[in-house]
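What follows is the residue order along each chain.
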Amino acid sequence: EAGVAQSPRYKIIEKRQSVAFWCNPISGHATLYWYQQILGQGPKLLIQFQNNGVVDDSQLPKDRFSAERLKGVDSTLKIQPAKLEDSAVYLCASSLQGWSGNEQFFGPGTRLTVL
Amino acid sequence: ELKVEQNPLFLSMQEGKNYTIYCNYSTTSDRLYWYRQDPGKSLESLFVLLSNGAVKQEGRLMASLDTKARLSTLHITAAVHDLSATYFCAVDIDLDTDKLIFGTGTRLQVFP
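We now turn to the structure provided with this report. The structure displayed is predicted, hence computed values, not measured ones. (Residues numbered from 1 in each chain as written. Chains lettered and ligands numbered in written order. Predicted model: local features only at pLDDT ≥ 70, side-chain atom pairs only at ≥ 80, totals over all residues. Heavy atoms only, no water.)

Moving on, we come to the overall build of chain B. The secondary structure content of chain B amounts to 0 helices and 11 strands. Counted from the first residue to the last, chain B has its helices and strands arranged as β-β-β-β-β-β-β-β-β-β-β. Over its C-alpha trace chain B gives a radius of gyration of 13 Å, about what one expects of a compact globule, namely 13 Å for 112 residues. If you take every contact in chain B between residues at least 6 apart in sequence, the share linking residues at least 24 apart comes to 54%. Per element, the accessible surface of chain B, about 5600 Å² overall, is 48% carbon and sulfur. Positive and negative side-chain charges of chain B, numbering 11 and 13 respectively, have mean locations separated by a distance of 4 Å. (Helix = DSSP H or I, 4+ residues; strand = E, 2+ residues; numbered from the N terminus. Rg over C-alpha atoms; globule rule 2.2 N^0.38 Å. Contact = heavy atoms within 4.5 Å. Areas by Shrake-Rupley, 256 points an atom, 1.4 Å probe, with all protein chains shown as cover. Lys, Arg positive; Asp, Glu negative; His and termini not counted. Charge placed at Lys NZ, Arg CZ, Asp CG, Glu CD.)

Right, here's the structure in full:
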């Protein structure tokens, strides 16, 4: 079974530029999560989708971050404009359903460096 | 404020020794997960604990959950170098959405 796919794996941009990340979850997984992991910390949930609907985006900085999952499968996360403090690893995870203690499976992540 | 605290934050231990990592959380929850992360890699699921008193074991690792004490432990038996990694606990704070709050992480280094 293929795992969660993410691209690109690495991205370096200058502050105020825009960047987008892509995630393809495990086939059949209805729930998709985007996390931000700053160096030395645990992942922090940014947004959670159930199929193509948003379940939780309470910690998404909506003035600069946006995410979509139009067809309930792939998802993109965008930052516009980027700030220095956005430097982090962005992890995508998926689970069968977003309840009942379903395990979340994580992708390899995209390491973003903002200069 | 919700808190998930792990201790120790850093652990350097000799091969063959035993040790326990603790995960304390400040909200009620019956579900807790343990993950492993190698440097530069993503998170690998180790254990899923879904009720009070749950105990899971895999190889040299054993995890338990005490929901009344809001405490989970990850016990390492006879450590080997391959266990060197960062270990995270994550608490499910919303049973309707499986929203996870991750702990601070424990960086484990096992030396000969």
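Still more ground to cover, so stick around.
Bringing the interface of chain A and chain B into the picture now. If you look at the interface, chain A gives 26 residues, while chain B gives 20 residues. Buried surface at the junction of chain A and chain B, summed over both partners, amounts to about 1600 Å²; 48% is from carbon and sulfur atoms. Inspection of the chain A/chain B interface yields 1 salt bridge. Across the pair Lys99 of chain B and Asp56 of chain A runs a salt bridge whose closest N-O atoms are separated by 3.1 Å. For the pair chain A and chain B, the interface holds 9 residue pairs in polar contact (both at pLDDT 80 or more). Broken down by secondary-structure element, the contributors of at least two residues to the side of chain A that touches chain B are strand S4 (31-37), strand S5 (44-50) and strand S6 (53-56) of chain A. Of the residues assigned to the side of chain A that touches chain B, the class counts are 9 nonpolar, 14 polar and 3 charged. (Buried area = accessible area lost by both parts, 1.4 Å probe. Salt bridge = Lys/Arg side-chain N within 4 Å of Asp/Glu carboxyl O. Polar contact = N/O pair within 3.5 Å; in protein donor to acceptor, adjacent residues only side chain to side chain. Nonpolar A, V, L, I, M, F, W, Y, C, P; charged D, E, K, R; others polar.)

Our next topic: the state of the cysteines. Summed over all chains, the structure comprises 2 disulfides over all chains. A disulfide bridge connects Cys23 of chain A with Cys92 of chain A, and the sulfur atoms are separated by 1.9 Å. In this structure the cystine formed by Cys23 of chain A and Cys92 of chain A twists about its S-S bond by roughly -70 degrees; its chirality is therefore left-handed. In this pair, Cys23 of chain A sits in strand S3 (residues 19-24) while Cys92 of chain A sits in strand S9 (residues 88-95), placing the two residues 69 residues apart along the sequence. Across this residue pair, the class does not change: Cys23 of chain A and Cys92 of chain A are buried. Two residues share a disulfide in this structure: Cys23 of chain B and Cys89 of chain B, whose sulfurs sit 2.0 Å from each other. (Disulfide = S-S within 2.5 Å. Buried < 20%, exposed > 50% of the residue type's maximum accessible area, 1.4 Å probe, protein only.)

Right, let's talk about the environment of Gln6 of chain B for a bit. All names here are of chain B. Following the sequence through the fold, Gln6 ends up in strand S1 (residues 4-7). Leave out the neighbours within four places in its chain, and Gln6 touches Ile21, Tyr22, Cys23, Trp34, Tyr87, Phe88, Cys89, Gly103, Thr104, Gly105 and Thr106. In this structure the side chain of Gln6 is engaged in a polar contact, spanning 3.1 Å, whose partner is the backbone nitrogen of Cys89. One polar contact links Gln6 to Thr106, side chain to side chain, over a distance of 3.1 Å.

Residue and element names in this part refer to chain B. Read across the open sheet, the 5 strands follow the order S1-S3-S8-S7-S6; overall the sheet is antiparallel. Looking along the sheet, the strands with just one partner apiece sit at the ends: S1 and strand S6 (55-58). Each adjacent strand pair in this sheet contributes to an overall mean axis angle of 15 degrees, direction not counted. Judged from the 6 bridges that link them, strand S7 (residues 61-66) and strand S8 (residues 71-76) form a sheet pairing that is antiparallel. (Pairing = 2+ DSSP bridges. Axes fitted to C-alpha atoms, helices over the stretch in contact; angles between N-to-C directions.)

How two aromatic rings sit relative to each other is given by the distance of their centres and the angle of their planes. For the structure shown, the criterion picks out 9 aromatic pairs over all chains. Relative to Phe106 of chain A, the ring of Tyr35 of chain A lies with its centre 5.3 Å away and its plane at 40 degrees, an arrangement referred to as tilted. Of this pair, Tyr35 of chain A sits in strand S4 while Phe106 of chain A sits in strand S10 (residues 105-106); the two residues are 71 residues apart in sequence, bridging distant segments of the chain. Note on accessibility: Tyr35 of chain A and Phe106 of chain A belong to one class, buried. Ring centres 6.4 Å apart and planes at 80 degrees place the aromatic pair Phe88 of chain B and Phe102 of chain B in the edge-to-face group. One end of the pair, Phe88 of chain B, is in strand S9 (residues 85-94); the other, Phe102 of chain B, is in strand S10 (residues 99-102), and 14 residues separate them in sequence. Relative accessible area serves as the criterion here: at 3%, Phe88 of chain B is assigned to the buried category. An aromatic cluster is present here, built from Tyr33, Tyr35 and Phe106 of chain A together with Tyr35, Phe88 and Phe102 of chain B joined pairwise through their rings. (Phe/Tyr/Trp six-rings, centres within 6.5 Å; stacked < 30°, edge-to-face > 60°.)

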